[in-house]
Structures are given as C-alpha cells and as structure tokens.
Amino acid sequence: MSDLQRAIRILKEGEYTCAIVKGESVHTSTLRGVKPLMQYLKRNTDLKDACAADRVVGKATAFLYVLLQVKAVYARVMSESALQVLWKHHVQTDAEHIVPYIINRKRDGMCPFEEAVLALDAPQEALAAIEKKMEQLGIEL
C-alpha cells in the first residue's frame, strides 16, 4: 500500500481532519482549518515528499502543503484555486469533490483564509497573509 493510500485510509477510518504519511512516519490531527499545517511548519516537521489526506483543502491549505514540500495531496473537498496551486507546484492531487471555493464555518461566505490568499501566487506571501489572518481572528498555535 502506498503512502497516499495509507494516508487516505487513516483519514477515512479515524476522526481526523488530516493524515500525513511518509514511510513509517504518520502524523494525524483533529484540529480544523490551517492550524495543524501551521503547527507542522512552525515545528519544522520534516514532511518533504510525504503524502497527505485532508478533509478540506482550500488555497491557503494548498500553499501550506507546498511549503511543507509534500508530494501528494488527497482531499474530500478541494477548491479550484487550491487545485491550481498544487498543480503549479507539481504536487500530485486527488479530490472527491472540486468546488469553486471553500465556504466559512457559518456557511454564509468564503473561508477567511481562502479569501486572504485569493490574489496571491507565492507561497511565502501566502504564509504571511495566513499568519496575519490568524492574528486578526485571534487563533493561536
């Protein structure tokens, strides 16, 4: 079974929001939104060439996966802009549902993180925008 297949299986069988697999190394999280990936980035977790399975991948999350240097991302739901980011950075992608954009938790508009990076093309610029939005929303790691 490939790392991507294992990550997908772990995601589907557990109560996780994301599962990242690289060989014997397995990282899972129940945190929502960008928080788990931001924690991996801040902790310098080595996820280069890992395979990720995630419930929801918007453009902000896609940029974080690029910065983490994963080689493949599967999502139950992925936004069109996330798909473009991952393709541009040569990350293998698979999704059950492609949507125009990720909706916010109130279901009355766009996800604030997707909106924060919508016009951006560079991963480092996106990271700065995500950090700024986290600060504005009072989200701590």
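Residues numbered from 1 in each chain as written. Predicted model: local features only at pLDDT ≥ 70, side-chain atom pairs only at ≥ 80, totals over all residues. Heavy atoms only, no water.

Participant: Just to check I follow, could you spell out the overall build of the chain for this structure?
Facilitator: Check the secondary structure of the chain and you find 6 helices and 5 strands. The C-alpha atoms of the chain give 14 Å as radius of gyration, which agrees with the globular expectation for 141 residues (14 Å, within 12%). Overall, the C-alpha framework of the chain stretches about 40 × 30 × 30 Å when taken along its three principal axes. Contacts in the chain between residues at least 24 apart in sequence constitute 42% of all its contacts with a sequence separation of at least 6. For the chain, the computed accessible surface area is about 7,700 Å², with 47% contributed by carbon and sulfur atoms. Of the charged side chains in the chain, 19 are positive and 18 negative; the average position of the first set lies 2 Å away from that of the second. (Helix = DSSP H or I, 4+ residues; strand = E, 2+ residues; numbered from the N terminus. Rg over C-alpha atoms; globule rule 2.2 N^0.38 Å. Contact = heavy atoms within 4.5 Å. Areas by Shrake-Rupley, 256 points an atom, 1.4 Å probe, with all protein chains shown as cover. Lys, Arg positive; Asp, Glu negative; His and termini not counted. Charge placed at Lys NZ, Arg CZ, Asp CG, Glu CD.)

Participant: Would you take a moment to explain the sheet that holds strand S4 (residues 72-79) for this structure?
Facilitator: In a beta sheet, neighbouring strands pair by backbone hydrogen bonds and run either parallel or antiparallel. The strand order S2-S1-S3-S4-S5 describes an open sheet built from 5 strands, whose pairing is mixed. The sheet terminates laterally at strand S2 (25-29) and strand S5 (92-99), the two strands that pair on one side only. Strand-to-strand twist of the sheet, defined as the mean angle between neighbouring strand axes without regard to direction, takes the value 10°. Sheet topology places strand S1 (residues 18-22) next to strand S3 (residues 51-57); 4 bridges connect them, and they run antiparallel. Residue pairing for S3: Val-21 is matched across the bridge by Cys-51. Against the sheet, helix H3 (residues 59-68) engages S1, S3 and S4, with an angle of about 165° to S3. In the packing of helix H4 (residues 80-88) onto the sheet, contacts are made with S3, S4 and S5, and the angle to S4 comes to roughly 160°. (Pairing = 2+ DSSP bridges. Axes fitted to C-alpha atoms, helices over the stretch in contact; angles between N-to-C directions.)

Participant: Would you explain the nonpolar core in this entry?
Facilitator: Within soluble globular proteins, side chains that are nonpolar tend to cluster in buried spots. If you look at the biggest cluster of nonpolar residues, it comprises 37 residues, and the most contacted ones within it are Val-57, Tyr-65, Val-73, Leu-86 and Ile-130. Counting only elements with at least two residues in this core, the list comes to S1, helix H2 (35-42), S3, H3, S4, H4, helix H5 (112-117) and helix H6 (123-137). At 7 residues, the largest contribution of residues to this core is made by H3. The next biggest cluster of nonpolar side chains, apart from the first, holds 11 residues, and it includes Leu-4, Ala-53, Ala-72 and Tyr-74. (Core = buried A, V, L, I, M, F, W, Y, C linked by side-chain atoms within 4.5 Å. Buried < 20%, exposed > 50% of the residue type's maximum accessible area, 1.4 Å probe, protein only.)

Participant: Please clarify how the environment of Glu-96 should be interpreted in this entry.
Facilitator: Looking at where Glu-96 falls in the secondary structure, it is placed in strand S5. The exposure class of Glu-96 is partly exposed, given its relative accessible area of 41%. Along the chain, Glu-96 and Met-78 lie 18 residues apart, while their C-alpha atoms are 7.9 Å from each other. With residues near it in sequence (within four places) discarded, Glu-96 still touches Lys-12, Tyr-74, Ala-75 and Arg-76.

Participant: Just to check I follow, could you spell out H4 for this structure?
Facilitator: Along an α-helix, a turn takes 3.6 residues, which lines up residues three or four apart on a common side. All buried positions along H4 are accounted for by Ser-81, Ala-82, Leu-83, Val-85 and Leu-86. Considering only its buried residues, H4 is in contact with S3, H3, S4, S5 and H5. Directly beyond the C-terminal end of H4, a positive phi value near 60° is found at His-90.

Participant: What should I look at first to understand unusual backbone geometry in this one?
Facilitator: With glycine set apart, most residues show a phi of negative sign, and most peptide bonds adopt trans. For Gln-69, which is not a glycine, the phi torsion comes out positive at approximately 65°. Of note, Gln-69 is situated in the loop between H3 and S4. On the basis of relative accessible area, Gln-69 is assigned to the partly exposed category, the value being 44%.

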